[in-house]
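Observations on chain architecture
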Amino acid sequence: MLTVVLSGLRARWAAFLGSFVALALGVGLLTTMGLGLASTFDAPEREPRRFASAPVVVKGKDAVIVDVRRGPDTASVSRGLDRPQPVDIELLAELKARWTVTTAGGPDAVGVHGPAAEVRTLVGDRAQVLTGNERRLADPEPERDAEALVALNSLLGTAGGVTTFVSVFVVASTFAFAVALRRREFGLLRTAGATPGQVRRMLLAEAAGVGVVASAAGCALGAWGAPWLARVLVDGGLAPDWFAIGSATWPLHAAFWTGVTVALAGAVAASRRAGKVGPAAALREADVDTDVLPLGRALLGTGLLLTGAGLLVWTGATDPSSLLKRKTYTTLPMLLITGVALLAPLLVRPVARALRLPGATGMLVRENSAAAVRRTAAVAAPVLVTVALAGSLLGSAATVTSTKAAEAREQTAARYVVTGEDLRTVPGASATATTSVFVRDGDAALVKYGARAVSDPAAFADLARLPVKAGDVRDLDDRSIVVNEEWERRTVGESVEVWLADGSGPVRLRVVAVLALGTGDNGPYVTRANAPGAAADRIEASGVGPEALAAADGTVRTVEEWAAATHPTTSPQTRLGLLLVLGIALVYTVIALANTLLMATSVRGAELAALRPAGATRAQIIRVVTGEAALAVAIGAALGLAVTAVNLGALGAGLAALSAPVSLSVPWTAVGAAAGVCAAVAVTASALPAWRGTR
């Protein structure tokens, strides 16, 4: 058996080349992503900078700490404040009376040159006492490194997931198509006495050989490419400047064995079909595909399709706001894409037969495509994956951001908006400030909400066009609050217990209005009396002109200009991350197309030669072959657009359920570019062997 396997690998190395490249690339990408992920688990231990010379730092309150229920007991949870509070004046005086105290950059923290134990005893629970490396928590934005790593971790995890998904799909499809082309070979082996089990073991051994060699090559490729990826992420603003690849080795082991497993998993289904080939297959001459959709594939495809559609409907009905999250609109489409791709053979023949292409060439293109369902579906499926991912991911991201801009524009009747820091009030205009409120969610959690603080409730109510579900925003005063439907306590008239932006509280405020959730920026709203330390950063005006608004000492824009500036289409970092994911899918699609069409066209020598005595010229034969490839790409693109339409339709329904303006955005440029690249590769990969075979 081993001799047969090695001889087969040597004789058919070209047929395995596509699987080898796809698997090696997949393992390389997994290695690179894994090494990147391993480097994001911990931020570097930075040395304190602001108070590097002081042995002790006394820092004001920077979090709200509340006791919540944890089973039968209670536990303290904390949520960070927007701005650390200054050190208490009396405490500062006591510190200065005993030790040397240094200040740097603000009143929120001071350096104390004294024994840590004595300082801690004096401070008690009035402030935080930081020593050693903890002193870096007094530096500006102490959590920025950890937050940057969380975002980077999410990006690399998504890219790794897409890599695994696409590599499994491509490798499995490649093995399945290669098995379909070798039916007569398997028939000869069966005629020579080979058992179905021997045929299956031969294919699995071939897959294992390709998997081991390709995985080893992929690990070497990934280790070489990981530092390059780190530089790209840093240059693109997706990672902090200090980010670099560490020395972890577990990603190499994980990627290698994942590659071997993917190779074997991709060959399992194909080996089962190969084992069912009988000796009579050696005598077949007809090229019309039969039994193109085995029962197992049909059940799996139907199950994934129904599961994906059901999850979209269920999510839209129970938690529509989650449809706006990147994790959701990145993962859910994969179920639909896989389901449609598995069921593609059912759609290829009726779609091809429904077309009415002109001339004899068109007739041959249509009939050949309908007859060779496996070949057409093998070309259409990877195109479907790329087009659907491009349309769903980029379309969902653009839809969410464009909806946010439309929502912001619709929620004000102002003609002009002024933005800036610590704006001066302007008579006749509505000034608001950014603040936060904290509220218990049940008995077991403390939730932080970004809020807006209103300076003049009457002026605000005149200009606001908020999606009010109950109550009236004109009733807002210093003893009340406007909440949204996400709040647990949201009945007009009832009181809620909240902590304010400086950590003070709790205070009880009466709910006067409830807003629709929208895209997540609807409320809550409080007055400036319940927003300690908040400075006006937005002024809206309708009856006041730009000249008068200039006195606010900020940037004056029309409301359309403001909405466009504050809610751009997609941030460069998000777009770069999505393009990274789509680039992986496109590379795999190119490999799959080239491999499939090179194999398929190379074995059609007798079929193409038979057209010459019938009067077909060499150019006509090449046009037929390339036309079939182009038609398969078009079918795949159409199916990909159908999946995109379903995903964006579900997102639009979710936005409507949230009472947000629906502003669907289809990334035609990206979809067209992906389809164009696929068409160019497919035509080239089919034309070259056809040109050689018709010499």
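As the structure is a prediction and not an experimental result, all values here were calculated from the model. (Residues numbered from 1 in each chain as written. Predicted model: local features only at pLDDT ≥ 70, side-chain atom pairs only at ≥ 80, totals over all residues. Heavy atoms only, no water.)

**Structural notes on the overall build of the chain**
In terms of helices and strands, the chain carries 20 helices and 16 strands. Partitioning the intrachain contacts of the chain with sequence separation of at least 6 by distance along the chain shows that 80% fall at a separation of at least 24. Accessible area of the chain: about 31000 Å², with a carbon and sulfur share of 60%. (Helix = DSSP H or I, 4+ residues; strand = E, 2+ residues; numbered from the N terminus. Contact = heavy atoms within 4.5 Å. Areas by Shrake-Rupley, 256 points an atom, 1.4 Å probe, with all protein chains shown as cover.)

**Points about the packing of helix H12 (residues 359–371) against helix H19 (residues 618–657)**
Remark: H12 packs on H19, axes separated minimally by 9 Å, with the N-to-C direction vectors making an angle of 55°. Between H12 and H19, the angle falls in the class oblique. For H12 against H19, the interelement crossing comes out right-handed. In contact with Thr 361, Leu 364, Val 365, Asn 368 and Ser 369 of H12, H19 contributes Arg 623, Val 624, Gly 627, Glu 628 and Leu 631. Across the contact of H12 with H19, the residue classes tally to four nonpolar, four polar and two charged. (Axes fitted to C-alpha atoms, helices over the stretch in contact; angles between N-to-C directions. Parallel < 35°, antiparallel > 145°, perpendicular 65-115°, else oblique. Left-handed = near helix turned anticlockwise from the far one by under 90°. Nonpolar A, V, L, I, M, F, W, Y, C, P; charged D, E, K, R; others polar.)

**Here's the deal with the nonpolar core**
Among the nonpolar cores identified, the biggest contains 85 residues, and Val 166, Leu 233, Phe 243, Ile 337 and Leu 389 are the most heavily contacted of them. Top element by residues in this core is helix H13 (residues 373–410). It accounts for 14 residues. Residues Ala 453, Ile 481, Val 496 and Ala 534 belong to the second largest nonpolar core, which totals 17 residues. (Core = buried A, V, L, I, M, F, W, Y, C linked by side-chain atoms within 4.5 Å. Buried < 20%, exposed > 50% of the residue type's maximum accessible area, 1.4 Å probe, protein only.)

**Points about the confidence of the model for the chain**
Across the chain, pLDDT averages 82, with 87% of residues at or above 70. Here helix H1 (residues 2–11) stands out as the element of the chain with the lowest mean pLDDT, 57, in contrast to strand S14 (residues 525–527), whose mean of 95 is the highest. (pLDDT = per-residue confidence, 0-100.)

**Section: the packing of aromatic side chains**
The full count for this structure, using the stated rule, is three aromatic pairs. Relative to Trp 257, the ring of Phe 256 lies with its centre 5.0 Å away and its plane at 85°, an arrangement referred to as edge-to-face. Note on Phe 256: relative accessible area 18%, which makes it buried. Overall, Trp 257 belongs to the exposed group, its relative accessible area being 54%. Ring geometry for Tyr 449 against Trp 487: centres 4.8 Å apart, planes inclined by 20°, an arrangement best described as stacked. With a gap of 38 residues between them, Tyr 449 in strand S9 (residues 445–454) and Trp 487 in the loop between strand S11 (480–484) and strand S12 (495–499) connect regions that are remote in the sequence. (Phe/Tyr/Trp six-rings, centres within 6.5 Å; stacked < 30°, edge-to-face > 60°.)

**As for the sheet that holds strand S4 (residues 100–103)**
Sheet strands associate in pairs through backbone hydrogen bonding, adopting either a parallel or an antiparallel arrangement. Read from one edge to the other, the open sheet built from four strands follows the order S4-S5-S1-S6, with strand pairing classed as antiparallel. Strands with a single pairing partner mark the edges of an open sheet, and in this sheet they are S4 and strand S6 (128–131). Neighbour-to-neighbour, the strand axes of this sheet turn through a mean angle of 30°, independent of strand direction. Pairing geometry for strand S1 (residues 56–59) and strand S5 (residues 109–113), over four bridges, is antiparallel. Counted as the bridge partner of Lys 59 is Ala 109 from S5. Helix-sheet contacts for helix H4 (residues 116–123) involve S1, S5 and S6, and the interaxial angle to S6 is about 170°. (Pairing = 2+ DSSP bridges.)

**Things to note about the packing of H12 against H13**
At their nearest, the axes of H12 and H13 sit 5 Å apart, and the two run at 90° to each other. With respect to H13, the element H12 is oriented roughly perpendicular. Residue-level contacts link Asn 368, Ser 369, Ala 370 and Ala 371 of H12 to Val 373, Arg 375 and Thr 376 of H13. The residue inventory of the contact of H12 with H13, partitioned by class, reads three nonpolar, three polar and one charged.

**Here's the deal with unusual backbone geometry**
Phi at Asp 422 is positive, roughly 50°, even though this residue is not glycine. Within the fold, Asp 422 resides in the loop between strand S7 (416–419) and strand S8 (430–441). Residue classification places Asp 422 among the exposed residues on the basis of a relative accessible area of 58%. Not every positive phi belongs to a glycine, and Ser 659 is a case in point at roughly 60°. Within the element layout of this structure, Ser 659 appears in the loop between H19 and helix H20 (668–693).

**Some details on the environment of Leu 639**
Assignment of secondary structure puts Leu 639 in helix H19. Each C-alpha atom, one on Leu 639 and one on Ala 381, is 8.8 Å from the other, the two residues being 258 residues apart in sequence. Excluding anything up to four places from it in sequence, Leu 639 contacts Val 340, Leu 347 and Leu 384.

**Some points on the side chain of Arg 135**
Here Arg 135 is to be found in the loop between S6 and helix H5 (144–181). Relative accessible area serves as the criterion here: at 14%, Arg 135 is assigned to the buried category. Polar contacts involving the side chain of Arg 135 include one to the main-chain carbonyl oxygen of Ala 54, which spans 2.7 Å. A polar contact of 2.7 Å, which involves the side chain of Arg 135, links it to the backbone oxygen of Gly 132. Not counting residues within four places of it along the chain, the set of residues in contact with Arg 135 comprises Pro 48, Phe 51, Ala 52, Ala 54, Pro 55, Val 57 and Leu 130. (Polar contact = N/O pair within 3.5 Å; in protein donor to acceptor, adjacent residues only side chain to side chain.)

**Quick notes on the pattern of salt bridges**
Close approach of charged atoms allows side chains with opposite charge to pair. If you walk through the whole model with that rule in mind, you get 13 salt bridges. Where Arg 440 meets Glu 497, a salt bridge forms, and the shortest distance between an N and an O atom there is 3.1 Å. Residue Arg 440 is located in strand S8, and its partner Glu 497 is located in strand S12; the two are separated by 57 residues in the primary sequence. The exposure class assigned to Arg 440 is partly exposed, which follows from its relative accessible area of 30%. Taking relative accessible area as the criterion, Glu 497 reaches 29% and is therefore assigned partly exposed. Measuring nitrogen to oxygen at the nearest pair gives 2.9 Å for the salt bridge that ties Asp 537 to Arg 452. (Salt bridge = Lys/Arg side-chain N within 4 Å of Asp/Glu carboxyl O.)

**So, the pairing of S1**
With burial as the criterion, each face of S1 is covered, one bearing Val 56 and Val 58 and the other bearing Val 57 and Lys 59. In this sheet, S6 lies alongside S1 in antiparallel orientation, the contact comprising four bridges. What sits directly across from Lys 59, in S6, is Gln 128.

**A closer look at the environment of Leu 122**
Locating Leu 122 in the fold gives a position in helix H4. When its relative accessible area of 18% is taken as the criterion, Leu 122 is described as buried. Taking the C-alpha atoms as reference points, Leu 122 and Glu 94, 28 residues apart in sequence, are found 8.3 Å from one another. For Leu 122, the contacting residues outside a window of four places in its chain are Glu 94, Leu 95, Arg 98 and Trp 99.

**A look at helix H16 (residues 559–566)**
Residues of H16 that are buried include every one of Val 559, Trp 562 and Ala 563, and no others. Projection of H16 onto a plane perpendicular to its axis shows the buried side chains occupying an angular sector of 100°, all on one side. Elements in contact with the buried residues of H16: H13, S7, strand S15 (536–541) and strand S16 (555–558). (Arc of directions from axis to C-beta.)

**Remarks on the pairing of strand S13 (residues 507–515)**
Here three bridges tie strand S10 (residues 468–471) to S13, and the two strands are oriented antiparallel to one another. Bridging across to S13, Ala 470 finds its partner in Val 514. As defined by bridge partners, S11 adjoins S13 across five bridges and the pair is classed as parallel. In the sheet register, Asn 484 faces S13, and the bridge partner there is Leu 515. One ladder, built from four bridges, connects S12 with S13; its direction is antiparallel. In the strand pairing of S13, Ser 495 is matched with Arg 510.

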